[in-house]
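# Observations on the three-dimensional arrangement
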Amino acid sequence: MKQIISDSQGLFEAEVLKALFDNMAELSLRYAVLRNYEDLPNRIGARDIDIVVHPEDLRAACELVVRIAFEKGLRMANHYADERLTQFALVRRNAMGEIHQIKIDFFIRSEVYGIETMSAVVMLRDLRQFNGVPVVADTVLLLDKWLFHLMVGRPLHAKYDVFFASIARAEAAALICILTRALPSARAEELVGELALGRGSKLVLSLPERSRALSRLWTAQGVSALSNSVRFLGFRLRDLLRPHGVFMSVSGPDGSGKTTVINLVIAQLRIIYGDDLVEYAHFRPNLLPRIAEVVKKILAVEKVDKNYDQPYRGVPSGSIGSMVRLGYYWLDYFIGYLCGVWPVIQKRKIILFDRYYYDMVVDSLRCRILLSKSVLRLVGCLLPLPKYAFFIKVDHNEIYRRKQELTLKRITMLNSQYVNLVERGWLIEVDNNGVPEKASAEIVNHIVAQRHLQSLRRLE
């Protein structure tokens, strides 16, 4: 099955890549593939395809991607743009429900902290043809990665040592010429010499060296230096105030098949966005410890109840105790969002919670809180809540058949409370009375459809 899916994805990539390269050539766009071109034009061979495009041709390149998406029935699961990079993630499902995806990144320069290290004009010189596809010169491929690592004070990965050494030996003069824009000639020659000996992963510039190098590069930009820096800071501020990632949750009573659906959703999101861009969390951020742990430390209690198989084992607190508990959990959700969730979505990642504050509103007895639903909802209005919050709905009789720890009456009540939040616009209902694959696909399709609409608005 894996091979069939792989072949299907390969055919999809070949179809999109052919349309992309054929149309870019027809439009006479100035571009070249930056790296991972060995399998082109049939496969990307990596998580995404990086293409250097002349700034004057960027708009036409973006319009072309949008046109290809519409012609081939693709959704834009992601579109992101800043001062140097424009990203597209195109997605569709085939008749079998399998996800096909391709990620396209357009670069208009190589830079560090908004300071240009190589312009598109430089990067598009001395192009080579690989199976009919223009690719950048080896020196550009090397410098794009090496200059960034040098300027941020990080060594190259050892896997590049042999390959970069061969380029450095063959193109030493060209590398030194570009490197002297940032460093003194003697130091540039020394670094290229070490690189040619296969020691790239050992080369790191000191902080004073990096500061002087960045200052020289910034000055070399001339009158555009200030505007480039302002644009860089502007985009960083935008990403800080309006993170591009996805904050989502999935709720439902025990026995609704929630865990199975969540696992399927995570697997599909990782296909679309990347394995390292999807994170999982449970119920609350847990920046603050469990109340039982706090009580144990304060009152020197020897044992903490961790019998999670019986969530209703504790006696609900009184009014004051319930308010204290609610305040404690509210603090964890609020501070936890700022310190745990926000940093994740700022990195353009997805964080998925298995249960969230909604489940506390619906089933507060689980947390030993005995307060009215109106109070719980009011407190929830003061929290940063997920952008996408789903409720997994299953018939109460089916849940009782699966999980007889709860009475049929209580299951019916829980379902009605979740539906109440759906009607209030807090949750999105997803039917899971059928197979979990269908429910998970509905969740993923909803997110992709919303991101597609957001992408279109940004592109406008």
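Residues numbered from 1 in each chain as written. Predicted model: local features only at pLDDT ≥ 70, side-chain atom pairs only at ≥ 80, totals over all residues. Heavy atoms only, no water.

### Some details on the pairing of strand β13 (residues 388-393)
Regular strands show a simple pattern: their side chains alternate between the two faces of the sheet. Among the 6 residues that make up β13, 5 are buried, leaving the element largely enclosed by the rest of the structure. When strand β10 (residues 246-251) meets β13, the two strands line up parallel, connected through 4 bridges. Looking across to β13, one finds that Met 248 is bridged to Tyr 388. (Buried < 20%, exposed > 50% of the residue type's maximum accessible area, 1.4 Å probe, protein only. Helix = DSSP H or I, 4+ residues; strand = E, 2+ residues; numbered from the N terminus. Pairing = 2+ DSSP bridges.)

### Quick notes on helix α16 (residues 408-423)
If you check α16, its first and last C-alpha atoms are 23 Å apart, about what 16 residues at 1.5 Å a residue would give, namely 22 Å. The set of residues buried in α16 consists of Arg 410, Ile 411, Leu 414, Asn 415, Tyr 418, Val 419 and Leu 421. Immediately beyond the C-terminal end of α16, within one or two residues, lies Gly 425, with a positive phi of roughly 85 degrees. (Expected span 1.5 Å × (residues − 1).)

### Brief notes about a positive patch on the surface
The grouping of Arg 242, Lys 387, Arg 457 and Arg 458 at the surface amounts to a positive patch. For Arg 458, the location among the structural elements is in helix α17 (residues 436-459). Residue classification places Arg 458 among the partly exposed residues on the basis of a relative accessible area of 39%. (Patch = residues over 30% accessible without salt bridge, like charges linked within 9 Å, V, L, I, M, F, W, Y side chains within 5 Å. Areas by Shrake-Rupley, 256 points an atom, 1.4 Å probe, with all protein chains shown as cover. Salt bridge = Lys/Arg side-chain N within 4 Å of Asp/Glu carboxyl O. Lys, Arg positive; Asp, Glu negative; His and termini not counted. Charge placed at Lys NZ, Arg CZ, Asp CG, Glu CD.)

### A short note on the side chain of Lys 349
Tracing the backbone shows Lys 349 in the loop between α12 (319-346) and β12 (350-354). The exposure class assigned to Lys 349 is buried, which follows from its relative accessible area of 17%. Within the structure, Lys 349 has its side chain in polar contact with the side chain of Glu 279 (distance 3.3 Å). Here Lys 349 is in contact with Gly 245, Val 246, Asp 276, Leu 277, Glu 279 and Val 344, once residues within four sequence places are set aside. (Polar contact = N/O pair within 3.5 Å; in protein donor to acceptor, adjacent residues only side chain to side chain. Contact = heavy atoms within 4.5 Å.)

### A short note on the packing of aromatic side chains
One pass over the full model with this rule turns up 18 aromatic pairs. Between Phe 283 and Tyr 333, the ring centres sit 6.5 Å apart and the planes meet at 80 degrees, which makes this aromatic pair edge-to-face. Placement of the pair is Phe 283 in the loop between β11 (278-282) and α11 (291-299) and Tyr 333 in helix α12, with a sequence separation of 50 residues. Through successive ring pairs, a cluster of aromatic residues spans Phe 247, Phe 283, Tyr 333, Tyr 337, Trp 342, Phe 353, Tyr 356, Tyr 357, Tyr 358 and Trp 426. Sitting above the plane of the Tyr 80 ring, Arg 348 keeps its charged end 4.0 Å from the centroid. (Phe/Tyr/Trp six-rings, centres within 6.5 Å; stacked < 30°, edge-to-face > 60°. Lys NZ or Arg CZ within 6 Å of the ring centre and 35° of its normal.)

### Considering unusual backbone geometry
A cis amide bond, omega 5 degrees, links Leu 40 with the succeeding residue Pro 41. Its location among the elements puts Pro 41 in the loop between β1 (31-33) and β2 (49-53). Located in the positive-phi region is Asn 131, a residue other than glycine, with phi close to 50 degrees. By the secondary structure assignment, Asn 131 is in the loop between β8 (128-130) and β9 (133-135). With a relative accessible area of 53%, Asn 131 lands in the exposed category. Within the chain, Arg 348 stands out as a residue other than glycine whose phi angle is a positive 65 degrees. Considering the arrangement of structural elements, one finds Arg 348 in the loop between α12 and β12.

### Topic: the packing of helix α4 (residues 138-152) against helix α8 (residues 207-220)
Where α4 contacts α8, the two axes come as close as 8 Å, and the packing angle between them is 125 degrees. As judged from the angle between their axes, α4 and α8 are oblique. The segment α4 lies against α8, with Leu 150, Met 151 and Val 152 engaging Arg 210, Ala 213, Leu 214 and Leu 217. In the contact of α4 with α8, the residues fall into 6 nonpolar, no polar and 1 charged. (Axes fitted to C-alpha atoms, helices over the stretch in contact; angles between N-to-C directions. Parallel < 35°, antiparallel > 145°, perpendicular 65-115°, else oblique. Nonpolar A, V, L, I, M, F, W, Y, C, P; charged D, E, K, R; others polar.)

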